[in-house]
Amino acid sequence: MRSSILVVALSLGVAACGGEDLILPKDGEPARITVVSDASPRQIVGQPLDAPLVARVTDPGGRPVANVEVLFVPPPGASVEPSGPVTTGADGQASVSYVLSPVAGEQVVEARAPIEPPTNAVATIRIQADPDVPQGLVEDGGNQQQAQVSTVLPQPLAVKAVDRFGNGVPGVEVTWEVDGGGSVDPATVMTGADGRAVTTRLLGDRPGPYGTVAVAEALAGATVPFTATAIAAPRPELVLVTQPSSTAAAGVSLEQQPVIQLQDPTGAPLNQEGVRVTVQVAGSSGSVGGRTTATSTASGLVTFTDLELRGETGSRTLIFSAAGFVPVTSTEITVQPGPPAPGQSSLSVPDGNAGVPTTIRVRLRDEFGNSIPGAASDLTINIAGANPTSGLIVTDDGDGAYTASYVPVHSGTDIVTLAFRGAPLGGEPSHSVVAPGPADPATTTATLTRDFFNVHVVVTTRDAHRNLLGHGGDQVQLQGFGSSVEAADAGNGTYTGTVLVFFGETLTILLNGEPIAGSPFSP
């Protein structure tokens, strides 16, 4: 038996309160049941677990309670031993052995005990049951279909690798072999989590029977045959003589527009004027823009002139149809993001501080919301206002996100503009209000006025870039002859005070404990 892992998950009820008749358990009485099984291996269906399932009953204080009957209820097809109630021991634990049911997936066992309230009386154990070893390959859909020549069967061909109980088994390689022409896609596939392996069948260009065989070499070469019938197309056809571009930008006309030739059932050009051909996206993703209907000329040619693919990025194919004609599908077209749209793109600029880098964030999206990567060199960010700057370096952060930064040194308002390939992008420019940096003693100034022995002082705070702070909150200390005075904060970046300074003595002015420029002064 292969080694396996049991996944045991525990769900516990939470005791609900309310109701005057509710009697809660006392110490020594069962109050809660929990699962205490240590191991959590998985196990194969139909096999016994390596470790027992163990539940514990405890009182309101979390102490084990003995002599409580616990009933382990397995799911259908599984079994526990003993099958009846199990009495807890002195450690409050009760245990049973468990044999898995033959159904793969999650198996749930409930451990039940006579506990009030009932919400605390059940503990849930979840066991992951793996399928047994694969023993066979069976048909699982798609046999005996019919379709026109050179087309894909409506339903995929499917087989299923199964164990002895019929559970699907993943990881089995299946090879698809064709008989009579045509092709399959993919030709080799591994069975998925449900045990299924699926392929699409393209019929050949002649009417009649076609065969397909699914082979699993790992299962002693087990095979599953499929049959299909191809019928002739009696109608004339549409034939793409010029395929549309293999790549396209969303919302932009295709560089190479498709051209269609009408063709009779024998494959010869059909010279018929006035046939209206309509194009649409094959599938439900995206749409076609431009003139989606074109009319054939006398020679049976149908030319489209301004088709564009709209919607999200990804792979698309176009299907062309006309009344009475077999439709035709284009080769795959890879849709890339279109040009940035002002309504979808954004420029984000926060307020800044003098001397501190300000990060500008740009998000580029086209009109359909597709992110536009790889456009850093196409972006130009300029700044006017208090800190004029041009040609900022733009960094591509991936998935249509870009950043640039600059260091403002002047307080005031900066005006930030964004251009894509030289053309302005978006509406109004963004603004960043630059606040002064912290007060700097090296640039802060003081005005001194002597009134005999009293010196009146006005201190004006500035940041490292000489911007006026314009706000209070700093500490200014005036130290004269044997005295120290804390200047009054005017709240606007200035501080005032009067200090006694004898003639010939000096005055020291400290800003946040540091002397300002020119200190000490000789007033």
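Our structure is the block above this text.
In what follows, the accompanying structure is described. It should be emphasised that the depicted structure is a prediction, and the values quoted were computed from it without experimental measurement.

## Some points on the overall build of the protein chain
A tally of regular secondary structure across the protein chain gives 0 helices and 48 strands. Judged by the C-alpha coordinates and their principal axes, the protein chain covers about 120 × 95 × 45 Å. Counted over contacts in the protein chain with a minimum sequence separation of 6, partners at least 24 positions apart contribute 59%. Of the roughly 25500 Å² of accessible surface on the protein chain, 52% is carried by carbon and sulfur atoms. Computing the positive centroid from 25 side-chain charges and the negative centroid from 50, the protein chain places the two 3 Å apart.

## Observations regarding the pattern of salt bridges
Side-chain pairing between opposite charges can occur once the charged atoms of the two side chains come close. By the definition in use, this model includes 12 salt bridges. Here glutamate 106 makes a salt bridge to arginine 126, at a shortest N to O gap of 3.2 Å. One end of the pair, glutamate 106, is in strand β9 (residues 105-112); the other, arginine 126, is in strand β10 (residues 122-130), and 20 residues separate them in sequence. The network of salt bridges with common partners includes Asp27, Asp59 and Arg63.

## A look at the layout of surface pockets
Considering only enclosed or pocket space, the largest pocket measures out at about 480 Å³ in volume. Contributing to the lining of the largest pocket are 17 residues, with Ser150, Thr151, Val152, Pro327 and Thr329 lying nearest its centre. Broken down by secondary-structure element, the contributors of at least two residues to the lining of the largest pocket are β20 (237-242) and β30 (328-329). No other element matches β20, which puts 4 residues into the lining of the largest pocket. For the lining of the largest pocket, the class distribution of residues is 11 nonpolar, 4 polar and 2 charged. What the second largest pocket holds in volume is close to 230 Å³.

## Description of the sheet that holds strand β17 (residues 196-202)
In space, the 4 strands of this open sheet follow the order β11-β13-β17-β15, with antiparallel pairing throughout. In the strand order of this sheet, the two ends are held by β11 (136-139) and β15 (183-185), each with one partner. Adjacent strand axes in the sheet meet at a mean angle of 30°, parallel and antiparallel pairs treated alike. Pairing between β11 and strand β13 (residues 157-162): 4 bridges, direction antiparallel. Looking across to β13, one finds that valine 138 is bridged to lysine 160.

## A closer look at the environment of glycine 398
One can find glycine 398 in strand β36 (residues 395-398). Residue glycine 398 is classed as partly exposed on the basis of its relative accessible area, which comes to 28%. Along the primary structure glycine 398 and serine 371 are separated by 27 residues, whereas in three dimensions their C-alpha atoms are 9.1 Å apart.

## Considerations on unusual backbone geometry
Here the bond from glutamate 81 into proline 82 is cis, since omega is 0°, no more than 30 degrees from zero. A cis geometry characterises the amide bond from aspartate 185 onward to proline 186, with omega recorded as 0°. For proline 186, the location among the structural elements is in the loop between β15 and β16 (188-190). At aspartate 399, a residue that is not glycine, the phi angle is positive and equals roughly 55°. On the basis of relative accessible area, aspartate 399 is assigned to the exposed category, the value being 56%.

About the criteria used
Residues numbered from 1 in each chain as written. Predicted model: local features only at pLDDT ≥ 70, side-chain atom pairs only at ≥ 80, totals over all residues. Heavy atoms only, no water. Helix = DSSP H or I, 4+ residues; strand = E, 2+ residues; numbered from the N terminus. Contact = heavy atoms within 4.5 Å. Areas by Shrake-Rupley, 256 points an atom, 1.4 Å probe, with all protein chains shown as cover. Lys, Arg positive; Asp, Glu negative; His and termini not counted. Charge placed at Lys NZ, Arg CZ, Asp CG, Glu CD. Salt bridge = Lys/Arg side-chain N within 4 Å of Asp/Glu carboxyl O. 1 Å grid on protein atoms, 1.4 Å probe; cavity = no way out; pocket = protein on both sides within 12 Å on 5 of 7 lines; lining within 4 Å. Points joined across faces, edges and corners; volume = space filled by probe spheres on them. Nonpolar A, V, L, I, M, F, W, Y, C, P; charged D, E, K, R; others polar. Pairing = 2+ DSSP bridges. Axes fitted to C-alpha atoms, helices over the stretch in contact; angles between N-to-C directions. Buried < 20%, exposed > 50% of the residue type's maximum accessible area, 1.4 Å probe, protein only.

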